[in-house]
Amino acid sequence: MALQCDIVVVGGGHAGCEAALAAARMGCRVILLTIDPTKIASMPCNPAVGGIGKGHLVKEIDALGGEMGVNTDKAGIQFRMLNRRKGPAVQALRVQCDKRLYGLAMQRTLMHQPRLTILAGTVDRILTHRGAVSGVQTDSGERIQAHCVVLTSGTFLKGLLHIGLTHVPGGRAGEPSAEHLSDCMKDFGFEVGRLKTGTPPRLDRDTIDFQAMEEQPGDDPPKPFSSRTRAISNPQIFCYLTHTNEHTHQIILDNLHRSPMYSGIIESIGPRYCPSIEDKVVRFADKARHHVFLEPEELDSRSFYPNGISTSLPVDVQEAMVHSIRGLERAKFLRPGYAIEYDFFPPHQLHETLETKLVAGLFHAGQINGTSGYEEAAAQGLIAGINAALKVKNDPPLIVDRSQAYIGVLIDDLITKDTREPYRMFTSRAEHRLLLRQDNAEARLIHIGYRLGLVSESTFTAFQRKQERIEQELARLHRTTLSPDRLSLEAFERFGIDPPQSHTTLAQLLRRPDLFYRPLLDCIGDHGIEDEELIHAIETRIKYEGYIRRQEQQVARFRKLEERRIPENFDYDSVKGFSSEVLEKLKKVRPSSIGQASRISGVTPAAISLLLVALDRFRRSADSPAA
């Protein structure tokens, strides 16, 4: 007799973990099916979470009730806030993790989650009935019946590992690939593409000369990712910085003919923003050196990750290259670097919910959609798991738009942009990034997580209290007026602050770029509040008030275009005046709104005008009595 559940999640990577937890927490019976349950939440590349854009995603996942932020705090061994000297829109947390602790913590969370069962196996086929998912079939022939399937297969679909001119099948080092599922998807009519990623060699800590490198300390004290984390308990460590040099580059250039990338063996495209060292040396020939960050993989392991020299060159060339770098002259390899090619499904084949357009009840999340990175995968997994659960319950779907969250930017970009290379999140991808800061992720999204049952009552209540304190203090700063005759000018001078020349509120003084909350209140003997997180939120709100108001006005205009929905059955062929390129792209993506249509590459403003006229005509025809 076949097993039965509400939702099958295929794959135990970061997307699969978030999808399975979200669906189970929303009351669905979930089976998480993965090749090796002991490898759940593995970190096969750099065991780090966050960074510019990516850290914003993790904060949003946490605000919605996802697990990545909590788990990162459990495994974090170095916390660093990046871009401290820049504006709040681009400040982002990055955490180096102990990858063993990360995997164990996530596995414990999954195992203790009610309604969630973990099974070992490989999916060979997606089962359907009348165009909708009915379950999956494993490589052993076992069938699992389900209302929805979330496919999060990572790099395992026809995965092929490359080291030099040698290649072997594999989903990642030491693990088998999934060879049959891609063929099943092709049978359904899905377009299948091919992408590449890679990883550097792992080096033995005891053979690295750290004294020849620059120390990279973390923040003291470390600030956690999750609002649910009370304290960071792990010891905190240093990372280290060194550089490649001209000799390193010459070794690589002399051996390009032995690289699978440059010998024609690998034809797929790798990540633009995380290229291999051979790709960097060729593309940036004018640069005399490139950064190499030495980062530990675990507290109790000798394995170090040389971030910046991802490679698929032969092992002897990798060793010569590494030994040419200062501090790594005697470094021993624990494992060589490699590249991996894998199948993915171009994401224009998805709805905004991450449900596929071809098969109802089938959701895609993670690298299967052409993304790179743990954070992008986890964000998609969370949304796919939520929407699969909502579909099972016959509830309206959750659609996060690009004015609400980086998660919305991510999904919208995947659907509307032509994915030719692995997608990576950056703050520059968001038009409204001053509104989508790390520090206000909870304010933007926690009410959604609470409504869905993913955020606990206690967490939501704590957030509300925090917001009340911020609003109360903002109101006080706006109404508290200082007059020159009441002030001790000596106190202002002692603190190095220019005193106000007329009646001025504390909020007006805080708008000065060189004046901050604590020094100002100390100067006038006002204690105010002590919480640094709240102070940062207050300062940001006051100092950027004008910019924030302008972006909110832009969002209002954006939403008007998003509200102009395009019916699923709209006939683009009936619109006169479209170029062949515009017609092809609109039919390929089938955008859900005028706003989404306007973001498709190649769809011009003139084409949008034609589309608006045609939509009005379509609606009048549909509303007429004859219709």
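Residues numbered from 1 in each chain as written. Predicted model: local features only at pLDDT ≥ 70, side-chain atom pairs only at ≥ 80, totals over all residues. Heavy atoms only, no water.

**Looking at the nonpolar core**
So, step 1. In this structure, Ile7, Val30, Tyr102, Ile386, Ile407 and Leu611 are the most contacted members of the largest nonpolar core, which totals 86 residues.
So, step 2. Looking at which element gives the most residues to this core, the answer is helix H9 (residues 374-392), with eleven residues.
So, step 3. With near-sequence residues (within four places) excluded, Val30 lies in contact with Ile7, Val9, Ala20, Ala23, Ala24, Arg115, Leu116 and Thr117. (Core = buried A, V, L, I, M, F, W, Y, C linked by side-chain atoms within 4.5 Å. Buried < 20%, exposed > 50% of the residue type's maximum accessible area, 1.4 Å probe, protein only. Helix = DSSP H or I, 4+ residues; strand = E, 2+ residues; numbered from the N terminus. Contact = heavy atoms within 4.5 Å.)

**Things to note about the environment of Ile368**
So, step 1. Mapped onto the secondary structure, Ile368 falls in the loop between strand E22 (362-364) and H9.
So, step 2. Ile368 sits 213 residues away from Thr155 along the chain, and the two C-alpha atoms are 7.3 Å apart.
So, step 3. Non-local contacts of Ile368, meaning those with residues more than four positions away in its chain, are made with Leu151, Ser153, Gly154, Leu157, Phe344 and Phe345.

**Describing the packing of helix H11 (residues 441-452) against helix H12 (residues 457-479)**
So, step 1. In the contact formed by H11 and H12, the axes pass within 11 Å of each other and the chain directions differ by 150°. Put simply, H11 runs roughly antiparallel to H12. Read as a crossing pair, H11 and H12 show a hand that is left-handed. Residues Glu442, Ala443, Ile446, His447 and Tyr450 of H11 form the contact with H12, whose participating residues are Glu457, Thr459, Phe460, Phe463, Lys466 and Gln467.
So, step 2. Of the residues assigned to the contact of H11 with H12, the class counts are five nonpolar, three polar and three charged. (Axes fitted to C-alpha atoms, helices over the stretch in contact; angles between N-to-C directions. Parallel < 35°, antiparallel > 145°, perpendicular 65-115°, else oblique. Left-handed = near helix turned anticlockwise from the far one by under 90°. Nonpolar A, V, L, I, M, F, W, Y, C, P; charged D, E, K, R; others polar.)

**Comments concerning the packing of aromatic side chains**
So, step 1. This model, assessed by the stated rule, comprises eight aromatic pairs.
So, step 2. For the pair Phe210 and Phe304, a centre-to-centre distance of 5.1 Å together with 50° between the ring planes defines the contact as tilted. Taken as a pair, Phe210 in the loop between strand E15 (202-204) and strand E16 (214-216) and Phe304 in strand E19 (residues 303-307) lie far apart in primary sequence, 94 residues in all. There is no split in this pair, since Phe210 and Phe304 are both buried.
So, step 3. Each ring, one from Tyr450 and one from Phe460, has its centre 4.0 Å from the other, and the planes form 5°; the classification is stacked. Pair noted here: Tyr450 is in helix H11 and Phe460 is in helix H12, with a separation of ten residues, a long-range link.
So, step 4. According to the relative accessible area criterion, Tyr450 is partly exposed, its value standing at 30%. (Phe/Tyr/Trp six-rings, centres within 6.5 Å; stacked < 30°, edge-to-face > 60°.)

**A word on the pattern of salt bridges**
So, step 1. Scanning the model with the defined rule gives 40 salt bridges in all.
So, step 2. A salt bridge links Arg444 to Glu60; its shortest N-O distance comes to 2.9 Å. Taken as a pair, Arg444 in helix H11 and Glu60 in helix H2 (residues 54-63) lie far apart in primary sequence, 384 residues in all. Residues Arg444 and Glu60 agree in their burial class; the two are buried. (Salt bridge = Lys/Arg side-chain N within 4 Å of Asp/Glu carboxyl O.)

**Some remarks on the domain arrangement of the chain**
So, step 1. Domain boundaries assigned for the chain yield domain 1 (202-338), domain 2 (457-548) and domain 3 (564-623).
So, step 2. Each of domain 2 and domain 3 was reduced to a C-alpha centroid, and the two centroids are 49 Å apart. (Domains from an automatic or database assignment.)

**Focus: helix H18 (residues 580-589)**
So, step 1. All buried positions along H18 are accounted for by Val582, Leu586 and Val589. The arc that holds every buried residue of H18, seen down its axis, measures 80°, which confines them to one face. Exposed and facing more than 90 degrees away from the buried side of H18 are Ser580 and Glu584.
So, step 2. A positive phi of about 50° marks Arg590, the residue just after H18. (Arc of directions from axis to C-beta.)

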